[in-house]
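Fold and geometry: a report
Read off the chains here:
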Amino acid sequence: MPEIATLTHKFTSVTLYKNKTVRYAARMHAIIACQMEFQLYPMDIQVCPIYIESFSSNNQKVKLRWSDSGVTLNPELKLLQYNLGQPLELEESDGYMPEKVGNFSRLTVYFRFERQIGHHLIQTFAPSSLVVMLSWFSFWLGLDAIPGRVTLLVTCMLTLVTMFTGLRADIPPVAYVKALDLWMAGCMVSVFAALAEFVVVKVLDVQYQYQVNKIPKVLPMRISNMEKGQCATVASWEGGAVRSRKATQTPTTPGQTSLQGNGGPPKPARRQSLLSVAWTDTDTGVEKIMWREIDKVSRAVFPILFFVFVLLYWPILLMKSS
């Protein structure tokens, strides 16, 4: 609701010209509401219209037109978060007012506010990107540094949560998803995926250590008993009965002993029992452990996926904002 600014008197003037023209001027101070949309925040562009029309005289009595100068702005006017688009869009129209039962002349001026992105690049996007990159360093920390790896990932997650909680307090709460929410979700998912990857490799390492420590306890004992001649047979359980079969030695290289039954197949090698969590490279003969391979792959996969997200996020955001 516009208010005429007053001190000791109203800032108005009435001028009567010889050609029967009456000029009325008044200085007004108005606080005007604008319906804003924040889907593209912080790259949003707000268009706020101002309507001027007669209250009681229809367009047959009063016809409103913009002057040649239109609407002028103070060149020294500076806004903290927005750039005021120039030139302003001016419009003249006639609108039917049902409550007044008539057509009324209307003037409209559209103000275009473009949000400045520099502040958010420094305060939001750059720090959050660095925090995500910091979480990738956990892939170079082995499982012997579990406290340091967990502390690094949890600290990155809490930093992102604190950062975005403070940013959400600067804008009104809205029900729809904003562009900043998508960026926040992408960063947090990346850090959470790094934490989930640590849990997976830790579980695989536990299984590997269990199998490595379990298998040598049985086979070397039997071999040592055969070398000492204390046991001539090898017992195996089948169903609920015990079956004994004679242990024979097959010619092998010096220092090696293999156990076979009566014409039975050879005992599976140790590598086959560790097939799920470890294996031997057929080309180099080097033992490869699954959790270590997952860490190596994650060092490249996580940065690539995040950069793909960035390459999709910014072009789409810029195209929609333009």
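Along each chain, numbering runs from 1 in the same order as the chain's sequence is written. Predicted model: local features are reported for residues with pLDDT of at least 70 only, side-chain atom pairs are reported and counted for 80 or more only, and whole-chain, interface and lining totals are derived from all residues. To get the side-chain values, all heavy atoms of the structure are used, and hydrogens and water are removed first.

1. Some remarks on the pattern of salt bridges
- Salt-bridge detection follows one rule: a side-chain nitrogen of Lys or Arg within 4 Å of a carboxyl oxygen of Asp or Glu. The tally for this structure, following the rule as stated, stands at nine salt bridges.
- Of the charged contacts in the structure, one is a salt bridge between arginine 112 and glutamate 114, with a shortest N-O distance of 3.0 Å.
- The buried label goes to any residue with under 20% of its type's maximum accessible area, the exposed label to any with over 50%, and the partly exposed label to all in between, with areas taken from a 1.4 Å probe on protein chains only. A residue is classified by how much of its surface remains accessible, and arginine 112, at 35% relative accessible area, is partly exposed.
- For glutamate 114, a relative accessible area of 31% corresponds to the partly exposed category.
- The closest approach of N and O atoms between aspartate 295 and arginine 149, which form a salt bridge, is 2.9 Å. With aspartate 295 in helix 6 (residues 290–321) and arginine 149 in helix 2 (residues 146–168), the pair connects residues that are 146 residues apart, well separated along the chain.
- Look at the salt bridges and you will find they share partners, linking Arg149, Glu197 and Asp295 into a network. In this description a helix means any DSSP run of H or I spanning at least four residues, a strand means any run of E spanning at least two, and both kinds are numbered starting from the N terminus.

2. Comments concerning the nonpolar core
- Ranked by internal contacts, the top residues of the largest apolar core, which has 39 residues, are Val132, Leu160, Trp183, Phe306, Tyr313 and Trp314.
- For this core, the secondary structure elements donating two or more residues are helix 1 (118–135), helix 2, helix 3 (179–214) and helix 6.
- Once you skip the residues sitting within four places of it in the chain, tyrosine 313 turns out to touch Phe125, Ala179, Leu180, Leu182 and Trp183.
- In this structure, Tyr82, Leu88, Phe111 and Phe113 belong to the second largest nonpolar core, which totals eight residues. Joining through side-chain atoms within 4.5 Å is the link that ties buried Ala, Val, Leu, Ile, Met, Phe, Trp, Tyr and Cys residues into a set, and such a set is a nonpolar core. The contact criterion used throughout is that any non-hydrogen atoms of two residues lie within 4.5 Å.

3. Describing the packing of helix 2 against helix 3
- For helices, the fitted line uses only the C-alpha atoms of the stretch in contact; every axis is such a line through C-alpha atoms, and the angle between N-to-C directions lies from 0 to 180 degrees. Look at helix 2 against helix 3: their axes get within 10 Å of each other, and the N-to-C directions meet at 165°. Comparing their axes, helix 3 and helix 2 come out roughly antiparallel. Crossing geometry of helix 2 relative to helix 3 is assigned as left-handed.
- Only Asp, Glu, Lys and Arg are considered charged, only Ala, Val, Leu, Ile, Met, Phe, Trp, Tyr, Cys and Pro nonpolar, and every remaining residue, Gly among them, polar. Class assignment of the residues belonging to the contact of helix 2 with helix 3 gives a composition of 20 nonpolar, no polar and five charged. Roughly parallel here means an angle under 35 degrees, roughly antiparallel means over 145, roughly perpendicular means 65 to 115, and every remaining angle is called oblique. Put simply, a crossing is left-handed when the front helix is turned counterclockwise from the back one by less than a right angle, and right-handed when it is turned clockwise.

4. Some details on helix 6
- Here a helix's expected span is defined as the number of its residues, less one, multiplied by 1.5 Å. Taking 1.5 Å of rise per residue, the 32 residues of helix 6 would be expected to cover 46 Å, and the 46 Å separating its terminal C-alpha atoms lies within 8% of that figure.
- Remark: the principal bend of helix 6, roughly 35°, maps to serine 298.
- All of the buried residues in helix 6 are Trp291, Asp295, Ser298, Phe302, Pro303, Phe306, Val310, Tyr313, Trp314, Leu317 and Ser321.
- Buried residues along helix 6 sit in contact with strand 5 (45–53), helix 1, helix 2, helix 3 and strand 14 (287–289). What is called the bend at a residue is the angle between a pair of axes, fitted to the seven residues leading up to and ending at it and to the seven starting from it.

5. Comments concerning the environment of glutamine 123
- Within the secondary structure, glutamine 123 sits in helix 1.
- In this structure, the C-alpha to C-alpha distance between glutamine 123 and methionine 163, residues 40 residues apart in sequence, is 9.2 Å.

6. Some details on the packing of aromatic side chains
- Each Phe, Tyr or Trp ring (for Trp, its six-membered ring) is paired with any other whose centre lies within 6.5 Å, and the angle between the two planes then decides the class: stacked below 30 degrees, edge-to-face above 60, tilted in between. This structure, assessed with the given rule, holds 16 aromatic pairs.
- On the numbers, 5.2 Å between centres and 70° between planes, the contact of phenylalanine 125 with tryptophan 183 is edge-to-face. Of this pair, phenylalanine 125 sits in helix 1 while tryptophan 183 sits in helix 3, placing them 58 residues apart in sequence.
- By relative accessible area, which is 4% here, phenylalanine 125 ends up buried.
- Between tryptophan 183 and tyrosine 313, the aromatic rings sit 5.4 Å apart at their centres with planes inclined by 55°, giving tilted as the arrangement. Placement of tryptophan 183 in helix 3 and of tyrosine 313 in helix 6 is noted, with a sequence separation of 130 residues between them.
- The ring of tyrosine 51 is capped by arginine 106, whose NZ or CZ atom sits 5.0 Å from the centre of that ring. Two conditions define a charge sitting above a ring: the NZ of Lys or the CZ of Arg must be within 6 Å of the ring centre, and it must be within 35 degrees of the ring normal.

7. Brief notes about the layout of surface pockets
- Grid spacing is 1 Å over the protein atoms alone, the probe is 1.4 Å, and a cavity is where that probe fits but cannot get out, while a pocket is an open set with protein on both sides within 12 Å along at least five of seven lines and lining residues have an atom within 4 Å of a point. Grid points are joined across faces, edges and corners, and a volume is the space filled by probe spheres set on the points. Here the largest pocket is characterised by a volume of approximately 1500 Å³.
- Met28, Ile50, Ile52, Trp66 and Val109 are the residues nearest the centre of the largest pocket, which is lined by 31 residues in total.
- Of all the secondary-structure elements, those providing two or more residues to the lining of the largest pocket are strand 3 (22–26), strand 4 (28–29), strand 5 and strand 8 (102–115).
- Residue classes in the lining of the largest pocket are distributed as 24 nonpolar, five polar and two charged.

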